[in-house]
Amino acid sequence: MKKTNLVLAVAQDPPQESQAIVYDLDHVRPDVTAPKAVYTPNPEYTDRARRQKIRGSVVLSIVITDKGVVRGAKVVTGLDKDLDKQALKAVGAWRFEPATKDGKPVAVRLKVEADFKLY
């Protein structure tokens, strides 16, 4: 009889980042200082939207982490499907000095606007 070696592999979820508290800044919070934008590139127009002269703002809900990086961006009020995508792309590149609570960096959720203007 032939002997067979069996190898058993157990699938595991990768380690998750710790679930930090996210403070909601859509409401006034005197105990949390607001983040400060340090890099906010404008969204780019698509050719179609420029030809159609679409103008306005896309409102997004974002989380700014305790590292000043944008995560979890979602369109709250859209303008045009292509411009919504461009707004998400631009906001994903934004960087901030993080919000603070008791002098320590914290994650916050807030709404921002990405503006599309034709000159």
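Below is a short write-up of the structure. The model shown is predicted, which means the values in this text are computed figures rather than measured ones.

**Here's the deal with the layout of surface pockets**
Then, number 1: In this structure, the second largest pocket occupies an estimated 180 Å³ of space.
Then, number 2: Of the residues contributing to the lining of the second largest pocket, the split by class is six nonpolar, one polar and five charged.

**Quick look at the nonpolar core**
Then, number 1: Ranked by size, the top nonpolar core spans 23 residues in total, and within it Leu60, Ile62, Trp94 and Val108 carry the most contacts.
Then, number 2: Those elements giving two or more residues to this core turn out to be strand E4 (56-64), helix H2 (81-93) and strand E8 (104-116).
Then, number 3: Those residues in contact with Leu60 that sit more than four places away from it in its chain are Lys74, Val75, Val76, Ala87, Leu88, Val91, Leu110, Lys111, Val112 and Ala114.

**Observations concerning unusual backbone geometry**
Then, number 1: For Lys53, which is not a glycine, the phi torsion comes out positive at approximately 55 degrees.
Then, number 2: Considering the arrangement of structural elements, one finds Lys53 in the loop between helix H1 (47-51) and E4.
Then, number 3: Taking the relative accessible area as the measure of exposure, Lys53 reaches 58% and is therefore exposed.
Then, number 4: Of note, Asp102 is a non-glycine position whose phi angle comes to about 55 degrees, a positive value.
Then, number 5: Along the polypeptide, Asp102 turns up in the loop between strand E7 (99-101) and E8.

**Description of the packing of aromatic side chains**
Then, number 1: Applying the stated rule across the entire model yields two aromatic pairs.
Then, number 2: Considering the side-chain rings of Tyr45 and Phe116, the 5.5 Å spacing of their centres and the 80 degrees angle between planes classify their relative orientation as edge-to-face. With a gap of 71 residues between them, Tyr45 in the loop between strand E3 (36-39) and H1 and Phe116 in strand E8 connect regions that are remote in the sequence. Like Phe116, Tyr45 is buried.

What counts as what
Residues numbered from 1 in each chain as written. Predicted model: local features only at pLDDT ≥ 70, side-chain atom pairs only at ≥ 80, totals over all residues. Heavy atoms only, no water. 1 Å grid on protein atoms, 1.4 Å probe; cavity = no way out; pocket = protein on both sides within 12 Å on 5 of 7 lines; lining within 4 Å. Points joined across faces, edges and corners; volume = space filled by probe spheres on them. Nonpolar A, V, L, I, M, F, W, Y, C, P; charged D, E, K, R; others polar. Core = buried A, V, L, I, M, F, W, Y, C linked by side-chain atoms within 4.5 Å. Buried < 20%, exposed > 50% of the residue type's maximum accessible area, 1.4 Å probe, protein only. Helix = DSSP H or I, 4+ residues; strand = E, 2+ residues; numbered from the N terminus. Contact = heavy atoms within 4.5 Å. Phe/Tyr/Trp six-rings, centres within 6.5 Å; stacked < 30°, edge-to-face > 60°.

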